[in-house]
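# Commentary on secondary and tertiary structure
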Amino acid sequence: MSNLRCLIIAHGEERGHSGYKQRALAMAQHLEELGYRPVVLWFSRLVGLFGYRLQWQTACINIPMPPFCSVHIAVCRVTRFLSRLLTRIVIVLFHIDVAVAEGATAAAIGARHGIPVICDFQGDIVEELKLVSASQWQVRLVQEDELLACREAVGWVCVSDALAQVLRGRHGAAAPAAVVPCGVDIRKFAGYEERRERARARLGVSDRWVVCYLGGLHKYQQIPRTLSLVGAMRAREPRLFFLFLTQDASDSYAPELSVLGDEGRDYARLALTHSEVVELLPAADLGLLLRAPSPVNYVSSPTKCGEYLASGVPVLTTAHAGDAPRIVSETNTGLVLHGETDAPDVAELALSFLQTIMANRADVATRSHLAARRYHDSLRGRENLGSLFRELIAGSLR
């Protein structure tokens, strides 16, 4: 066991069920279970000063700040300057030994304060900004953060080996790296079989084929194509019920959802907490995880794949969804689509797969849950993280 005090640096919106937030929560839990003493420094949004506050099980310092990557570049540079100053103060006051930065911007904030920094890279943020057509100054600002993070961090934590390779090639850096895919706490999903019956009764879908989308509504998550596929499936199979689980504002998709039928009878649109997701997700018979070919998706490790599988739900995905297609193919727990998802025969293919699932629902559920244990159990990620910490901290603090 170690008495080292670790500062986890994160920033951004505290609301919702974002992968970034869940990764930061998991990091705090991992470090505590590994015997370190984590303290979270969260730079939240200034506009949320009197709003929602994230509940941490570890000590958390919450400081509302102006934007890090919006409004104007001058505002963002001032935010970074103030954040660095406040971080230095926290490091001194709390006698911090090592910092873990959640992303490149957090690493740029935590670097050069006299303590080692380990950067947790959750994705290719530069390509993500390009995908949403961000301003050139926003891309340039994040590129600066990423370069500084890669050069100053004593070690990297990456969601995939592909991401580590991309960062090494882009910046010529060669820091030791541990691959920690986006995982789930499998222990929370125990008893998914009983939850399935309760959840289906609650939704009134005991005799329906339930197709689910769980996640946010960002551009890379292919929501229009997801809804188009569900609509085509529903037109061919009236037993289909669509479960739409998102904490993002979904009113703009009301026209697409109305095509499916009546809300409550043919589809449900719900905003749930993480604990509520664990209770309701087992009601689904198929989870959707569609991604387009892009650098963002190439290096990803979708948390939603693990949540689907842990709930006993097989996955319909595309060949471009990070490590998801490899996992569902190797474990026979899903269907991987190749080519365009809006092709005429895709809905028929998906329904044929769903019919096979329903004929062997219990066996598929067991196989799916075991796949989550093998590939998405956060305990495995904790082991990789522990090895990296023991190697890096021992050398850096000697």
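Residues numbered from 1 in each chain as written. Predicted model: local features only at pLDDT ≥ 70, side-chain atom pairs only at ≥ 80, totals over all residues. Heavy atoms only, no water.

On to the overall build of the protein chain. The number of helices and strands found in the protein chain is 16 helices and 13 strands. Its C-alpha atoms give the protein chain a radius of gyration of 21 Å, near enough to 21 Å, the size a compact globule of 398 residues would have. The dimensions of the protein chain, computed from C-alpha atoms along their principal axes, are 60 × 45 × 40 Å. Counting all 398 residues of the protein chain, 56% fall into the buried class. The contacts of the protein chain with a sequence gap of at least 6 include a subset with a gap of at least 24, amounting to 69%. When the accessible surface of the protein chain is totalled, it reaches about 17100 Å², and 54% of it is carbon and sulfur. Of the charged side chains in the protein chain, 43 are positive and 41 negative, and the gap between their average positions amounts to 4 Å. (Helix = DSSP H or I, 4+ residues; strand = E, 2+ residues; numbered from the N terminus. Rg over C-alpha atoms; globule rule 2.2 N^0.38 Å. Buried < 20%, exposed > 50% of the residue type's maximum accessible area, 1.4 Å probe, protein only. Contact = heavy atoms within 4.5 Å. Areas by Shrake-Rupley, 256 points an atom, 1.4 Å probe, with all protein chains shown as cover. Lys, Arg positive; Asp, Glu negative; His and termini not counted. Charge placed at Lys NZ, Arg CZ, Asp CG, Glu CD.)

Low-confidence regions, as indicated by low pLDDT, have predicted coordinates that should not be scrutinised in detail. For the protein chain, mean pLDDT is 91; residues scoring 70 or higher make up 94% of the total. Between residues 49-53, whose pLDDT stays under 50, and residues either more than four places distant or in other chains, the model counts 10 contacts. (pLDDT = per-residue confidence, 0-100.)

What follows covers helix α5 (residues 136-152). An ideal rise of 1.5 Å per residue puts 24 Å on 17 residues; α5 measures up with 24 Å between its terminal C-alpha atoms. When we look at burial in α5, the residues that qualify are Trp 137, Gln 138, Val 139, Leu 141, Val 142, Asp 145, Glu 146, Ala 149 and Cys 150. Residues of α5 that are buried in the fold lie against α2 (73-93), α3 (104-110), β5 (117-121), α4 (125-131), β6 (155-158) and α6 (161-171). (Expected span 1.5 Å × (residues − 1).)

On to a nonpolar patch on the surface. A contiguous nonpolar patch, built from Val 78, Phe 81, Leu 82, Leu 85, Ile 89, Leu 93 and Phe 94 and spanning about 650 Å² of accessible area, is present on the exposed surface. By secondary structure assignment, the location of Leu 82 is in helix α2. (Patch = residues over 30% accessible without salt bridge, like charges linked within 9 Å, V, L, I, M, F, W, Y side chains within 5 Å. Salt bridge = Lys/Arg side-chain N within 4 Å of Asp/Glu carboxyl O.)

One pass over the structure, following the stated rule, counts 25 salt bridges. Residues participating in the shared-partner salt-bridge network are Arg 208, Arg 234, Asp 262, Arg 265 and Asp 266.

As for its placement among the helices and strands, Asp 266 is situated in the loop between α9 (254-258) and β10 (267-270). A polar contact is formed between the side chain of Asp 266 and the side chain of Arg 265, at a distance of 3.0 Å. Other than its neighbours up to four places away in sequence, Asp 266 contacts Arg 208, Arg 234, Leu 240, Phe 241, Phe 242, Leu 260 and Gly 261. (Polar contact = N/O pair within 3.5 Å; in protein donor to acceptor, adjacent residues only side chain to side chain.)

We now examine the nonpolar core. By size, the foremost hydrophobic cluster in this structure holds 65 residues, and its most contacted members are Met 233 and Phe 242. Counting residues per element, this core draws most heavily on helix α14 (residues 346-359), at 7 residues. Setting aside its immediate chain neighbours within four residues, Met 233 contacts Val 211, Leu 240, Ala 347, Ala 350, Leu 351 and Leu 354. Counting residues in each nonpolar core, the second largest holds 36 residues, with Phe 43, Phe 68, Leu 163 and Ala 173 among its members. (Core = buried A, V, L, I, M, F, W, Y, C linked by side-chain atoms within 4.5 Å.)

The end-to-end C-alpha distance of α14 is 20 Å, a good match for the 20 Å that 14 residues give at a rise of 1.5 Å each. Within α14, burial applies to Val 346, Ala 347, Ala 350, Leu 351, Phe 353, Leu 354 and Ile 357. Buried residues of α14 fall within an arc of 160 degrees about the axis and therefore sit on the same side. (Arc of directions from axis to C-beta.)

All right, on to the environment of Ser 301 then. Counting through the fold element by element, Ser 301 comes out in the loop between α11 (295-298) and α12 (303-310). Assessed through its relative accessible area of 4%, Ser 301 is described here as buried. In the structure, Ser 301 is positioned 47 residues away from Glu 348 in sequence and 28 Å away in space, judged by C-alpha atoms. With residues near it in sequence (within four places) discarded, Ser 301 still touches Val 159, Pro 181, Cys 182 and Asp 323. A polar contact is formed between the side chain of Ser 301 and the side chain of Asp 323, at a distance of 2.9 Å.

Pairing is parallel in the open sheet, where 7 strands are placed in the order β3-β2-β1-β4-β5-β6-β7. Every other strand in the sheet has two partners, leaving β3 (59-65) and β7 (177-179) as the edge strands with one partner each. On average, each strand axis in the sheet is tilted by 20 degrees relative to the strand beside it, whichever way the strands run. In this sheet, β7 lies alongside β6 in parallel orientation, the contact comprising 3 bridges. Bridge pairing in β7 links Trp 156 to Ala 177. Sitting on the sheet, α2 is in contact with β1 (5-11), β2 (37-45) and β3, with an inclination near 155 degrees to β3. (Pairing = 2+ DSSP bridges. Axes fitted to C-alpha atoms, helices over the stretch in contact; angles between N-to-C directions.)

So, on to unusual backbone geometry. Most peptide bonds take the trans form, and the phi angle of most residues other than glycine is negative. Residue His 95 is not a glycine yet carries a positive backbone phi of 55 degrees. Within the secondary structure, His 95 is located in the loop between α2 and β4 (98-102). Note on His 95: relative accessible area 63%, which makes it exposed.

The next point concerns the pairing of β2. In terms of burial, β2 is largely enclosed, as 7 of its 9 residues are buried. As paired elements, β1 and β2 share 7 bridges and run parallel to each other. Bridged to Ile 9 within β2 is Leu 41. Here β2 pairs with β3 via 7 bridges, running parallel. Its bridge partner being in β3, Arg 45 is matched across the sheet by Met 65.

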